[in-house]
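Next come the chains, spelled out residue by residue.
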Amino acid sequence: MSKTYKAALAEAMQEAMDTNPNAIILGQGVTDYKGIFDTMIGFVDKYPDRIIETPLAEDSVAGICIGAALNGGYPINTHIRADFGLLIFNQLINLAAKYKYMFGGLFEVPSMYRMVIGRSWGQGAQHSQSLQSLMAHIPGLVVIMPADPKSILESYRYAVQEHKGPVVMLEHRLLYELSYEEDATELSHPLFGSKLEREGTDLTIIATSVMVLEAKRAADHLAEIGVSVEIINLHSISHPDKEMILKSVEKTGKMLIADTSWAAYGVAAEMNRIVNEYNPSILKAPTHSMGMVNTPCPTAKVLEDMYYPDVHDIVDVCAGMVIGKNHAMALPKKESMTDFYKHFKGPF
Amino acid sequence: MEDIEKIKGEHSDSVLERLLESVAMITSSEALIVQHYNEDQMKTPMHMSVGDESCVVGVVECFKNDSYFFGYYRTHSLYLAVARDPYKFFAELLGKKTGSNGGIAGSMHMSSLTDGLLNTSAIVGSTIPLSLGAALANRILKEKRYSVVFFGDGAIEEGVFHETLNMASLFKLPILFVCLDNGLAVDLEAAARQGFKSIKSLVEAYHCDYVFSDNPSVSEAYAAGVEAKRLLSGSGKPVFLHMTYYRYLQHIGITDDFSEASASAFEKRDYRSLELHKDYLKKRPLDVAVTEMISGGWQKSGVKKIVEKIEDITLKAYSKALGDQKSSYGEAKGKVYFD
C-alpha cells in the first residue's frame, strides 16, 4: 500500500494526540482550514482545548512549550516555514537544549518543533532555508530530517512516547504530496540512527531529506551505466549512525554527501570529520560535497533551478568519481526538480 | 545538618517568624559570600540579591504551597526563599556534587524541582513565557496551581514580555508577573531605556490587574502578595505585581559603588549618589524586619535569637559544603540528553 508523506505526518500527529492526553499543538495556523498542509485537518474540532492558535509570537511560544513540558505536557510547536524557526533560537538553544544539563539533571523538557523547509515557486531567500546543521551543532538537541512515511511514523512515535528532550523535525515541503511504496529498509534507530537505502560497491552517497530521492533516482541511472552506488539516508542529523557510515565508506572507498543545505560547516563537513577522525586511509579518492550554491536562495525560477543540485549533478559527479572526470556517460537531462516532483504521479 | 532539615520542613505558626527567618537566611548567606568570594572557591558570576530580600520572601511565602516559580539571574533570594536550604545553596556556588544542581548551575541557574522552582536564567526575560507554558499545562491537567515569575525592570523592554503578557491576557491564565524594579539595567537608569508612559499604563493596556508596592518591608511585601493572590483567584486574569527596591551592590559582584574595590569593578561609579546609599544603609531589609517585629510586640531578645539561629545554620551550611566533593566531569556529561 502506498502512502503520502503528508498522510504519514497526519497519522503521526493523530497518534500523538490519541496516545498522549497531555499532547498539545501550538503555532500559527494550527486551526486554519489548511491544517498545516493537511497534517492536522479537523484537529481543532476534535481537541478544542489542545490545539492552540497563537498570536505572532514565536519566541514566547517556544518558551511556553518549555514551560508546558516542565509541567507534564507534550507540546508540538509548528512552523510552516523553517525560517520562522530562527525566531525561536533563543528559547530552543539557550533554554530547551540546555535544560537537563544546566540544572544538574533535575528537569526534562520533552517537546517537538516541526519546521517545514520550503521549496519551489519563488520561495526565495527567507522561505526556503535548510537549517539542520545550525541546530545539530547544539548539544541537547535532536534534529531529524525524515525522508519517507515510514521514517516519519517511527521517529515521531518515538519522540512523543519515549524521548525526554526537544526534537526538531525538519519536514520537506517538496515531499509532502509524494506517494511512497512500503519498503523493507529500516532505520537503525528512530531518533539516533540512519537508514541503508540501497546497497552498492563503487561509491557511498550520504543523503538528507529530498536528496535521498534524488540519490535513488541517480542510482537507477548509474546502474544502467555499470556504476553501483550505496545510499545512506542520514535521517538523524544530530545523531547519525556513524558505524553505518564508516562501514559503507570502508567498503566503497568513495563518499559523496548530498545535502539540502550549504556545504560549508554543514552536514558534508560533519561526514568528512567522522570519516577522517576514524581513518582517512579508507578513502580511495577525494570526497565530494553537494549542496546549494553558496548564496541565499534566488526567487527567479531559472536561478532557482541552478541553485539546487539534482539527479543530473549526482550522476555526473558519481560517474566522475568512479570512472573519471572525462567519463562521457549519458546524463539524465537537467530538469527542474520542482517540476518533476510536483508532477510525479507514481509512488516511489 | 539537622538544623537545616528542620528549618526547611518547619512550618511555624507565625508567618512573621518565617518571613524573618527567610530574610535573615538570605542576608547572612550573602554576607558569607561577600566575606569569602575573594578566596576564589566560589567560581561563578554572582548577581547579588542584597536589597530585594523583602520583596522576594514576601511573595514566595504567599505562593509557595500552590505555585510554580520562575526566576532570572539574580537567584539567591528566590532560591533560598523557596528551598530554604543554605547547604545546597553554598554547595552549588562552590561547584560541589551536593549542590542544588550538582555544581553545574552555579549562581545564575539555581533551581529546585521538589520546591517548584523550575527555572532561573541568565538570558533577560527568557523565563517569562515558560511561566505561561506551565500555566497552560495546569489548565489542561486541571490542576489548581499558580505560575509566579520574577524578573527585573529591564526585562519589560524585551519582546517576550509583551508576547507573553498578551497571551496571558488573551488565554485568561492565572500568572503572577513580579517585576523587581531597582530602576537600573546594569548602570543605566529607566529613563534612558524606556520609551513608554509607565509600567502601570503598559500593563493595564493588556487588561492585567496591577498591584504596586514601593520598597516594601517583608510584611508589606507579604501583604502585596496576598492582594495579588486575591485578584488572581477572583479574576482568572494575570496580575502584575510591581515592587521597587534599592540594589545595594553593583549589577554583578560583591562591591557597592563607593568602596575602594569598586574602582576596578565592571560598572562606572558615578551613577548613584552616596547620600542615597547612606540613607538606604539605615533601612536594610533585615533591620527593617527586626524593627517591625519588635514594634509589633515581639521581645527584642526573642527576635535576636531567631536571627542568630539562622546565622548559625547558614555558617554551618557553608562550612559543610566547603568540605564536600567537587562535581566531576564524567557525571556532568551524562546529564546531556545524549551523546
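Model, not experiment: these values are computed from the prediction.

Quick notes on the rules
- Residues numbered from 1 in each chain as written.
- Chains lettered and ligands numbered in written order.
- Predicted model: local features only at pLDDT ≥ 70, side-chain atom pairs only at ≥ 80, totals over all residues.
- Helix = DSSP H or I, 4+ residues; strand = E, 2+ residues; numbered from the N terminus.
- Rg over C-alpha atoms; globule rule 2.2 N^0.38 Å.
- Buried ≥ 20, exposed ≤ 12 C-beta atoms within 10 Å, placed from the backbone.
- Contact = placed C-beta atoms within 7 Å.
- Domains from an automatic or database assignment.
- Pairing = 2+ DSSP bridges.
- Right-handed = clockwise from strand over helix to strand, strands pointing away.
- Axes fitted to C-alpha atoms, helices over the stretch in contact; angles between N-to-C directions.
- Expected span 1.5 Å × (residues − 1).
- Nonpolar A, V, L, I, M, F, W, Y, C, P; charged D, E, K, R; others polar.
- Core = buried A, V, L, I, M, F, W, Y, C linked by C-beta atoms within 7 Å.
- Parallel < 35°, antiparallel > 145°, perpendicular 65-115°, else oblique.
- Left-handed = near helix turned anticlockwise from the far one by under 90°.

Regarding the overall build of chain B
And step 1. Summing up its helical and strand segments, chain B has 13 helices and eight strands in all.
And step 2. Scaling as 2.2 N^0.38, a compact globule of 339 residues should have a C-alpha radius of gyration of about 20 Å, and chain B matches this with 19 Å.
And step 3. Counting across all 339 residues of chain B, residues that qualify as buried make up 51%.
And step 4. Considering only contacts in chain B between residues 6 or more positions apart, those separated by 24 or more positions represent 74%.

A look at the domain arrangement of chain A
Reports often express the size of an interface as the amount of accessible area lost when the parts come together.
Residues and elements named next belong to chain A.
And step 1. For chain A, the assigned domains read domain 1 (3–180) and domain 2 (195–343).
And step 2. Placing a centre on the C-alpha atoms of domain 1 and another on those of domain 2 gives a separation of 27 Å.
And step 3. The interface of domain 1 with domain 2 comprises 25 residues on the first partner and 23 residues on the second.
And step 4. Those elements giving two or more residues to the side of domain 1 that touches domain 2 turn out to be α7 (132–136), β6 (142–144) and β7 (166–172).

Brief notes about the pairing of strand β10 (residues 203–207) of chain A
All names here are of chain A.
And step 1. Counting buried positions over the five residues of β10 gives five, a clear majority of the element.
And step 2. Residues of β10 alternate between two faces, with L203, I205 and A207 on one and T204 and I206 on the opposite face, all of them buried.
And step 3. As paired elements, β10 and strand β11 (residues 229–233) share five bridges and run parallel to each other. The residue of β11 that forms the bridge with I206 is I232.
And step 4. At this point the chain moves from β10, through helix α9 (residues 210–224), to the parallel β11, and the crossover so formed is right-handed.
And step 5. Where β10 meets strand β12 (residues 255–258), four bridges bridge the pair, whose relative direction is parallel. The partner of I206 across the bridge, within β12, is I257.

Considerations on the sheet that holds strand β4 (residues 175–181) of chain B
Residue and element names in this part refer to chain B.
And step 1. Taken together, six strands build an open sheet; the order of strands is β2-β1-β3-β4-β8-β7 and the sheet is parallel. Since the sheet does not close on itself, it has two edges, and those belong to β2 (117–119) and β7 (209–214), each with one partner. The mean inter-strand angle of the sheet, taken between neighbouring strand axes irrespective of direction, is 20°.
And step 2. Across six bridges, the pairing between β4 and strand β8 (residues 239–244) is parallel. Opposite L180, over in β8, you have M243 as the bridge partner.
And step 3. Along the sheet, helix α6 (residues 128–141) contacts β1 (67–70), β2, β3 (146–152) and β4; its crossing angle with β3, the most-contacted strand, is approximately 180°.
And step 4. Its contacts with the sheet place helix α9 (residues 218–235) against β3, β4, β7 and β8, and it is angled at close to 175° to β7.

Looking at unusual backbone geometry
And step 1. Look at F37 of chain A: it is not a glycine, yet its phi comes out positive at around 55°.
And step 2. By secondary structure assignment, the location of F37 of chain A is in helix α2 (residues 35–38).
And step 3. Not every positive phi belongs to a glycine, and K172 of chain B is a case in point at roughly 55°.
And step 4. Topologically, K172 of chain B is positioned in the loop between α7 (159–171) and β4.

Some thoughts on helix α4 (residues 58–70) of chain A
And step 1. A rise of 1.5 Å per residue sets the reference length of α4 of chain A, with its 13 residues, at 18 Å; its end C-alpha atoms lie 19 Å apart and thus fit the reference within 8%.
And step 2. Taking burial as the measure, the 13 residues of α4 of chain A include 13 buried ones, the bulk of the element.

Let's talk about the interface of chain A and chain B
And step 1. Listed as interface residues are 36 residues of chain A and, on the opposing side, 33 residues of chain B.
And step 2. Among the elements of the structure, α4, α5 (89–96) and α6 (99–102) of chain A are those that each provide at least two residues to the side of chain A that touches chain B.
And step 3. Top contributing element to the side of chain A that touches chain B by residue count: α4 of chain A, with nine residues.
And step 4. When the residues that make up the side of chain A that touches chain B are grouped by side-chain class, the tally is 16 nonpolar, 16 polar and four charged.

Points about the packing of α4 of chain A against α5 of chain A
Residue and element names in this part refer to chain A.
And step 1. In contact at an axis separation of 7 Å, α4 and α5 are set at 35° when each is read in the N-to-C sense. Of α5, the residues touching α4 (which contributes D59, A62, G63 and I66) are N90, Q91, L92, L95 and A96.
And step 2. Of the residues in the contact of α4 with α5, the class split is five nonpolar, three polar and one charged.

A short note on the nonpolar core
And step 1. With 206 residues, the main nonpolar core has C318 of chain A together with L176 and V178 of chain B as its most contacted residues.
And step 2. The residue makeup of this core includes at least three contributed by each of domain 1 (3–180) and domain 2 (195–343) of chain A.
And step 3. Ignoring any residue separated from it by four or fewer positions in sequence, one finds L176 of chain B in contact with F63, Y146, V148, A228, L232, V239 and L241 of chain B.

Things to note about the packing of helix α2 (residues 15–36) of chain B against helix α11 (residues 285–295) of chain B
Residue and element names in this part refer to chain B.
And step 1. Orientation of α2 relative to α11, taken along the N-to-C sense of each, is 155°, at an axis distance of 9 Å. In terms of their interaxial angle, α2 and α11 are classed as roughly antiparallel. For the crossing formed where α2 meets α11, the hand is left-handed. In contact with L16, L19, L20, V23, A24 and T27 of α2, α11 contributes P285, L286, A289 and M293.

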